[in-house]
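Tertiary structure, described
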Amino acid sequence: MADRNYSSTLTDPDEPPEDTAAFEDKTIRCIGCSDDFVWSAGEQLFYAQKDLLNPPKRCKPCKQAKTRRLADIAIAHATGKKQRVDVRTQCANCSKSTTVPFFPSQGRPVYCRECYLVIKNGHANGANA
Ligand SMILES: [Zn+2]
Ligand SMILES: [Zn+2]
């Protein structure tokens, strides 16, 4: 193991870390869009301070989309109106980045507009020669 050359400020092990030096940026794969995103040291410190044990599962855009969707649902409940959402995701068929007007469930394939129409119309397997 290589010695780290930190200027050795001795920290009381009973005390939670005060700064982000104890954390390193981590890369996490988003369960929403399957893109890698950086869980920054600052955010890890925030999680530690909040006693949150589980790292985030979604990147910021997906998290915001989810938060917005939940807010939209709350508004929809309150007003009886449906709000439009746009969630960025990846087409399960052609891998194109697309937006869908709903929040996709994990494990459910989501298609871009073109692929969705093709699949809906039952031409998915019948390539026209
Ligand atoms: Zn994402
Ligand atoms: Zn597609």
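Thresholds, definitions, all that
- Residues numbered from 1 in each chain as written.
- Chains lettered and ligands numbered in written order.
- Predicted model: local features only at pLDDT ≥ 70, side-chain atom pairs only at ≥ 80, totals over all residues.
- Heavy atoms only, no water.
- Donors = N, O, S within 2.8 Å, 3.2 Å for Na, K, Ca; no water.
- Tetrahedral: all angles 85-135°; square planar, octahedral: opposite > 155°, others 65-115°.
- Buried < 20%, exposed > 50% of the residue type's maximum accessible area, 1.4 Å probe, protein only.
- Helix = DSSP H or I, 4+ residues; strand = E, 2+ residues; numbered from the N terminus.
- Polar contact = N/O pair within 3.5 Å; in protein donor to acceptor, adjacent residues only side chain to side chain.
- Salt bridge = Lys/Arg side-chain N within 4 Å of Asp/Glu carboxyl O.
- Core = buried A, V, L, I, M, F, W, Y, C linked by side-chain atoms within 4.5 Å.
- Contact = heavy atoms within 4.5 Å.
- Arc of directions from axis to C-beta.
- Expected span 1.5 Å × (residues − 1).

Considerations on the coordination of the zinc ion (ligand 1)
At the metal site, the zinc ion (ligand 1) is ligated by Cys 30 (SG), Cys 33 (SG), Cys 59 (SG) and Cys 62 (SG), and these contacts range over 2.2 to 2.3 Å. Taken together, the four donor atoms coordinating the zinc ion (ligand 1) and their angles of 104 to 115° define a geometry best described as tetrahedral. Each donor residue of the zinc ion (ligand 1) lies on one chain, and together they are spaced C-x2-C-x25-C-x2-C. Just as Cys 30 is buried, Cys 33 falls in that class too.

Structural notes on the environment of Glu 114
Mapped onto the fold, Glu 114 is located in helix α3 (residues 113-120). Owing to a relative accessible area of 45%, Glu 114 belongs among the partly exposed residues under this scheme. Expressed as a C-alpha distance, the spacing of Glu 114 and Asn 93, which sit 21 residues apart in the sequence, is 9.9 Å. A distance of 2.6 Å separates a polar atom in the side chain of Glu 114 from a polar atom in the side chain of Lys 96.

As for the pattern of salt bridges
A complete count under the given rule lists four salt bridges for this structure. A salt bridge links Lys 60 to Glu 43; the shortest N-O distance between them is 2.9 Å. Of the two residues, Lys 60 sits in helix α2 (residues 60-79) while Glu 43 sits in helix α1 (residues 41-49), which places them 17 residues apart along the sequence.

A word on the coordination of the zinc ion (ligand 2)
Looking at the zinc ion (ligand 2), one finds its protein donor set to be Cys 91 (SG), Cys 94 (SG), Cys 112 (SG) and Cys 115 (SG), positioned 2.2 to 2.3 Å from the metal centre. One way to put it: the four donor atoms around the zinc ion (ligand 2) meet at angles of 103 to 115°, and that makes the site tetrahedral. Within one chain, the residues serving as donors to the zinc ion (ligand 2) are arranged as C-x2-C-x17-C-x2-C. Taken as a pair, Cys 94 in the loop between β3 (87-90) and β4 (97-100) and Cys 115 in helix α3 lie far apart in primary sequence, 21 residues in all. For Cys 94, a relative accessible area of 37% corresponds to the partly exposed category.

What about the nonpolar core?
With eight residues, the main nonpolar core is built from Ile 28, Cys 30, Cys 33, Phe 37, Trp 39, Tyr 47, Cys 59 and Cys 62. Other than its neighbours up to four places away in sequence, Trp 39 contacts Glu 24, Asp 25, Lys 26, Ile 28, Gln 44, Tyr 47, Pro 55 and Pro 56. Within the second largest apolar cluster, five residues are counted, among which are Ala 65, Val 100, Phe 103 and Val 110.

Describing α1
Each α-helix winds once per 3.6 residues, and so residues spaced three or four apart point in a common direction. Every buried residue of α1 is accounted for by Ala 41, Gln 44, Leu 45 and Tyr 47. In a view along the axis of α1, the buried residues occupy a sector of 160°, so they form one face of it. After α1 finishes, the residue Asp 51 shows a positive phi value of roughly 60°.

Details of α2
Between the first and last C-alpha of α2 there are 27 Å, a value that for 20 residues agrees with the 28 Å anticipated at 1.5 Å per step. Turning to α2, its buried residues number three or more, namely Cys 62, Ala 65 and Asp 72. Along the long axis of α2, the arc covered by the buried residues comes to 75°, so they all point the same way. Facing away from the buried surface of α2 by more than 90 degrees, the exposed residues are Gln 64, Thr 67, His 77 and Ala 78. Those residues of α2 that are buried lie in contact with β3. Within two residues after α2, Gly 80 carries a phi angle of roughly 75°, on the positive side.

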